[in-house]
Every structure is written in structure tokens, then in C-alpha cells.
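# Observations on the three-dimensional arrangement
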Amino acid sequence: QVQLVESGGGLVQAGGSLRLSCAASGSDFRANTMAWYRQVPGKQRELVADITRSGSTNYADSVKGRFTISIDNAKNTVYLQMNSLKPEDTAVYYCNAHLEYYHRLGSYDYWGQGTQVTVSS
């Protein structure tokens, strides 16, 4: 069973930076796409950025030019570097992994437990 463990959230002033990390632990799998989502109370979870194993990236318009997603395939770890943070970036950030097992058919989605990011004005 794969587990996603997130770290790096916290409180930062507007204009500051944070770096989130998410490591997928387990065995006999390969993460094909990893992503970061965020959610605020009363709103739907939204995609922040995703990255494929080959390094292709996709960003929400609201974070383009400020956030950078990267992946370490050997460690099954995805990072989100967040710069020029704004109060509207405040949310719980969730890691997502879309993966396949070497010895099992099909693809599977896993979610992390979430990490709080709070940006003060």
C-alpha cells in the first residue's frame, strides 16, 4: 500500500516563500503523474500544478510564474516551490499521485493527508 507523506507547510507573510514536499512510500510501483491540489473551507478542491514522470508540467493560472513543481523519480517525491505568496494562496494543500504497480493491473490514485499553508497580509 502506498502512502503519501507531505511536509513543508506553515505560516508565512505575503511575498514570502515555502517549499512543500511529498514522498510516496511503498514498493513495486511507479508514479506516472504527481500533483498538488488545494482546498479552502466551503470550496472545491482545485488543481494547483501537476507533473508527469517525464517532467511535463501544468499550472493553474493563479499560480503561474510564482509556483514551480518538480519531481524526483528515483525518490518518488514531488516538490512545490511557492514564491511571492499571497493571502489568497491560504489553503490546505494536498499531494496526489497517479500510479501503477508493476505486478498489478490498472492505475490508482492516492492522496496525502494535507498540509496547511497560511499567508498573512
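In this report, the structure presented in the accompanying data block is examined. In this text the structure is predicted, and so the values were computed from the model without any measurement. (Residues numbered from 1 in each chain as written. Predicted model: local features only at pLDDT ≥ 70, side-chain atom pairs only at ≥ 80, totals over all residues. Heavy atoms only, no water.)

Okay, the packing of aromatic side chains next. Evaluation of the coordinates by the stated rule reveals two aromatic pairs. Ring plane angle 70° and centroid distance 5.3 Å describe the contact between tyrosine 101 and tyrosine 108, whose orientation is recorded as edge-to-face. Given the relative accessible area of 9%, tyrosine 101 is considered buried. Since its relative accessible area comes to 25%, tyrosine 108 is described here as partly exposed. One cation-aromatic arrangement involves arginine 104 over tyrosine 101; the distance from NZ or CZ to the ring centre is 4.0 Å. Over the ring of tyrosine 108 we find arginine 104; its NZ or CZ atom is 5.2 Å from the centre of that ring. (Phe/Tyr/Trp six-rings, centres within 6.5 Å; stacked < 30°, edge-to-face > 60°. Buried < 20%, exposed > 50% of the residue type's maximum accessible area, 1.4 Å probe, protein only. Lys NZ or Arg CZ within 6 Å of the ring centre and 35° of its normal.)

So, about the pairing of strand 9 (residues 91-101). Within strand 9, eight of the 11 residues are buried, which leaves the element mostly enclosed by the surrounding structure. Where strand 4 (residues 29-39) meets strand 9, 10 bridges bridge the pair, whose relative direction is antiparallel. Pairing of arginine 38 across the sheet is with tyrosine 93, part of strand 9. Examined bridge by bridge, strand 9 and strand 11 (residues 115-120) share three bridges and lie antiparallel to one another. Of the residues in strand 11, the one forming a bridge with valine 92 is glutamine 116. Examined bridge by bridge, strand 9 and strand 10 (residues 107-111) share five bridges and lie antiparallel to one another. Along strand 10, the bridge assignment pairs asparagine 96 with tryptophan 111. Taking the residues that link successive antiparallel strands as the turn, the strand 9-strand 10 hairpin has five residues, and the phi of glycine 106 there is positive, at about 95°. (Helix = DSSP H or I, 4+ residues; strand = E, 2+ residues; numbered from the N terminus. Pairing = 2+ DSSP bridges.)

Bringing the nonpolar core into the picture now. One finds Trp36, Leu80, Met82 and Tyr93 to be the most contacted residues of the largest nonpolar core, which totals 31 residues. Looking at this core, the elements that each hand over two or more residues are strand 3 (18-25), strand 4, strand 5 (46-52), strand 7 (67-72), strand 8 (77-82), strand 9 and strand 11. For this core, the element with the most residues is strand 9, which contributes six residues. With residues up to four places along the chain from it excluded, the contact list for leucine 80 reads Leu18, Arg19, Leu20, Trp36, Val48, Ala49, Phe67, Thr68, Ile69 and Tyr93. (Core = buried A, V, L, I, M, F, W, Y, C linked by side-chain atoms within 4.5 Å. Contact = heavy atoms within 4.5 Å.)

Here we come to the environment of serine 7. By the element assignment, serine 7 lies in strand 1 (residues 3-7). Between the C-alpha atoms of serine 7 and glycine 114, which are 107 residues apart in sequence, the distance is 8.8 Å. Setting aside its immediate chain neighbours within four residues, serine 7 contacts Arg19, Leu20 and Ser21.

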